[in-house]
Amino acid sequence: MRNFASNPKLEIPGLFWDNWRSQLRFAINTEAELAKYIQLSNAEIKAIQKCSRKFKWQITPYYVSLMDKTDANCPIRRQALPSLDELEDTANSSLDPYGDLDNQKTQRVIHKYPDRVIVLTTNACAVYCRHCTRKFRTEDLELIANITEPVRSWKEDFEYIDQHPEIRDVLLTGGDPLSLADSALERIIARLRSIKHVEIIRIGSRFPVFLPQRITTELCEMLDKYQPIWFSTHFNHPKEITEESAAACDRLLRHGIPVQNQSVLLKGVNDDAETMKTLVHDLLRIRVRPYYIYHCDNVTGVAHFATTIETGRKIMRTLHGFTTGFAVPEYVLTTPLGKISLCEENFSNHNGELWVKNYKNEKMRVETLLLDESDKQLC
Ligand SMILES: *Cc1c(COP(=O)(O)O)cnc(C)c1O
Ligand code: SF4
């Protein structure tokens, strides 16, 4: 069996490699600093200069250590380094094609499905994914200045959950909730656990990928006190599965916390069958269950990563039946109606317009998608 990579550590004076706070303190966010470790292309240099004024960016030394030193098409570089494409205006793009804003009940609670909510814990992340679907939250777009308001008390957010007995599943997301200190996170989780109707708590975090050192034994022990806890992470490429990230997932699993993976289908990163197949197989080797592949929709600033639905379906056809049943994630599109499984019967074509149907049999037209000829024949 092939070993997982263990990449050479960056030599940064003063950095304690295995200490997550130190990694965050030494996070790289200037061209000059990054150029010490990789050979930047001209386009990357331009993008850093132009995008830095508009979008946040920062990369942990650990994640930089996974980058190809010379190839700007490296999937790690594509996910973490700004690109000039982020500034392009793309037809039909939307800041919020998923309709989160319409379902926002308090500053932090989004209640879109009957029995579960997501809680926007923080705006901070270890690395700012260039394809973030909540780019409008984690980045400094002027348009949404009104929602990046100063931190308010959590009173209203907890009260909302208190007062809605139908909420049995609370998903902490963000940003990345593990950006918070253990003590702050524990206060939130303990408060949620005091609510009788909350059955499960889920944590959505990319720290196992960006900074596996964050998944300390202390963190796992703290989480274990509040079971049942489930964990979703976000590996997009086999290069992200290293000795360190495997060990981080192992620590969670050994504390009884199941780990699932949600990937995003990204052009030039993982939109080919071989990469996706290696990814799901490597996930099973580290006992992480592939859960979703999200179709990348036409989010403002992210459109350069969008593929067609047919691209995703072709990949899915190489997985179903050809590999372990539970290695196959569900391929979904997020819409204001919820997640739509991209299986054929949820789509219909009315005179070239694409319509989707959700779990409640509600229908809507989706205008933001990229379509190719085979998409247009979907029925
Ligand atoms: C994805 C999502 C959830 C969780 O959905 P599951 O399919 O149960 O994982 C909850 N709320 C919102 C707004 C979501 O986008
Ligand atoms: S870690 Fe999650 S919230 Fe943060 S930038 Fe990446 S996708 Fe967005």
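Every value quoted in this text rests on a predicted model; they were computed, and no experiment measured them. (Residues numbered from 1 in each chain as written. Chains lettered and ligands numbered in written order. Predicted model: local features only at pLDDT ≥ 70, side-chain atom pairs only at ≥ 80, totals over all residues. Heavy atoms only, no water.)

## Observations regarding the overall build of the protein chain
Looking only at helices and strands, one finds 14 helices and twelve strands in the protein chain. In terms of C-alpha radius of gyration, the protein chain reaches 20 Å, essentially the compact-globule figure of 21 Å for 379 residues. For the protein chain, the share of sequence-separated contacts (at least 6 apart) that also reach a separation of at least 24 residues comes to 76%. For the protein chain, the accessible area works out to roughly 16,600 Å², and carbon and sulfur atoms hold 50% of it. Here the protein chain carries 49 positive and 51 negative side-chain charges, and the mean point of each set is 2 Å from the other. (Helix = DSSP H or I, 4+ residues; strand = E, 2+ residues; numbered from the N terminus. Rg over C-alpha atoms; globule rule 2.2 N^0.38 Å. Contact = heavy atoms within 4.5 Å. Areas by Shrake-Rupley, 256 points an atom, 1.4 Å probe, with all protein chains shown as cover. Lys, Arg positive; Asp, Glu negative; His and termini not counted. Charge placed at Lys NZ, Arg CZ, Asp CG, Glu CD.)

## What to know about the site of ligand 2
Around ligand 2, the neighbouring residues are C125, Y128, C129, C132, G175, R206 and H234. Tallied by class, the residues present in the shell around ligand 2 amount to four nonpolar, two polar and one charged. (Near = heavy atom within 4 Å. Nonpolar A, V, L, I, M, F, W, Y, C, P; charged D, E, K, R; others polar.)

## Observations concerning the pairing of strand β3 (residues 169–173)
Across the five residues of β3, five count as buried, placing the element largely inside the fold. Alternating positions in β3 separate into two faces, D169, L171 and T173 on one and V170 and L172 on the other, with burial throughout. Relative to β3, strand β2 (residues 116–120) is paired through five bridges, and the arrangement is parallel. Within β3, the position partnered with L120 by the bridge is T173. Sheet topology places β3 next to strand β4 (residues 200–204); four bridges connect them, and they run parallel. Residue pairing for β4: D169 is matched across the bridge by I200. Handedness of the crossover joining β3 and β4 through helix α8 (residues 182–193): right-handed. (Buried < 20%, exposed > 50% of the residue type's maximum accessible area, 1.4 Å probe, protein only. Pairing = 2+ DSSP bridges. Right-handed = clockwise from strand over helix to strand, strands pointing away.)

## Describing the packing of aromatic side chains
Using the criterion set out here, one finds five aromatic pairs in the structure. Between the aromatic rings of Y292 and Y294, the centroid separation amounts to 5.5 Å while the plane-to-plane angle is 50 degrees, which identifies the pairing as tilted. A relative accessible area of 13% means that Y292 is categorised as buried. One aromatic cluster is present, built from ring pairs that chain together Y291, Y292 and Y294. When the ring centre of Y113 is taken as reference, the NZ or CZ atom of R116 above it lies at 4.2 Å. Over the aromatic face of W20 sits the side chain of R214, whose NZ or CZ is 3.9 Å from the ring centroid. (Phe/Tyr/Trp six-rings, centres within 6.5 Å; stacked < 30°, edge-to-face > 60°. Lys NZ or Arg CZ within 6 Å of the ring centre and 35° of its normal.)

## Brief notes about the confidence of the model for the protein chain
Per-residue confidence for the protein chain gives a mean pLDDT of 91, with 94% of residues at or over 70. Contacts of residues 141–149 to residues separated by more than four positions or lying in other chains number 14 contacts, the stretch itself having pLDDT below 50. (pLDDT = per-residue confidence, 0-100.)

## Considering the sheet that holds strand β11 (residues 353–357)
Read across the open sheet, the three strands follow the order β10-β11-β12; overall the sheet is antiparallel. The open sheet terminates on both sides in strands that have one partner only, identified here as β10 (347–350) and β12 (363–365). Adjacent strand axes in the sheet meet at a mean angle of 30 degrees, parallel and antiparallel pairs treated alike. Relative to β11, β10 runs antiparallel, the two sharing four bridges. Bridge pairing in β11 places H350 opposite E353. (Axes fitted to C-alpha atoms, helices over the stretch in contact; angles between N-to-C directions.)

## Overview of the environment of L333
Within the element layout of this structure, L333 appears in strand β8 (residues 330–335). For L333, a relative accessible area of 0% puts it in the buried group. Sequence-wise, L333 and L120 are 213 residues apart; in three dimensions their C-alpha atoms are separated by 21 Å. Not counting residues within four places of it along the chain, the set of residues in contact with L333 comprises H295, D297, G338, K339, I340, L342, F347, V356 and L369.

## Looking at unusual backbone geometry
Excluding glycine, a negative phi dihedral is what most residues carry, and trans is how most peptide bonds are arranged. The omega torsion across G174 and G175 is 5 degrees, close enough to zero to call that bond cis. Here G175 lies in the loop between β3 and α8. In this structure, the amide linkage connecting Q227 to the following residue, P228, adopts the cis form with an omega of -5 degrees. With respect to the secondary-structure elements, P228 resides in the loop between α10 (217–224) and β5 (229–233).

## Some remarks on the side chain of Q262
Along the chain, Q262 falls in strand β6 (residues 259–265). We classify Q262 as buried; its relative accessible area is 14%. A polar atom in the side chain of Q262 sits 2.5 Å from the side chain of Y294. Residues contacting Q262, with those up to four places away along its chain left out, are S232, T233, H234, F235, Y291, Y292 and Y294. (Polar contact = N/O pair within 3.5 Å; in protein donor to acceptor, adjacent residues only side chain to side chain.)

## Points about α10
Owing to its 3.6 residues per turn, the α-helix brings residues three or four apart onto one side. Residues of α10 that are buried include every one of L219, C220, M222 and L223, and no others. Viewed along the axis of α10, the buried residues span an arc of 160 degrees, placing them on a single side of the element. In this structure, the buried side of α10 is in contact with α8, β4, β5 and α11 (243–254). (Arc of directions from axis to C-beta.)

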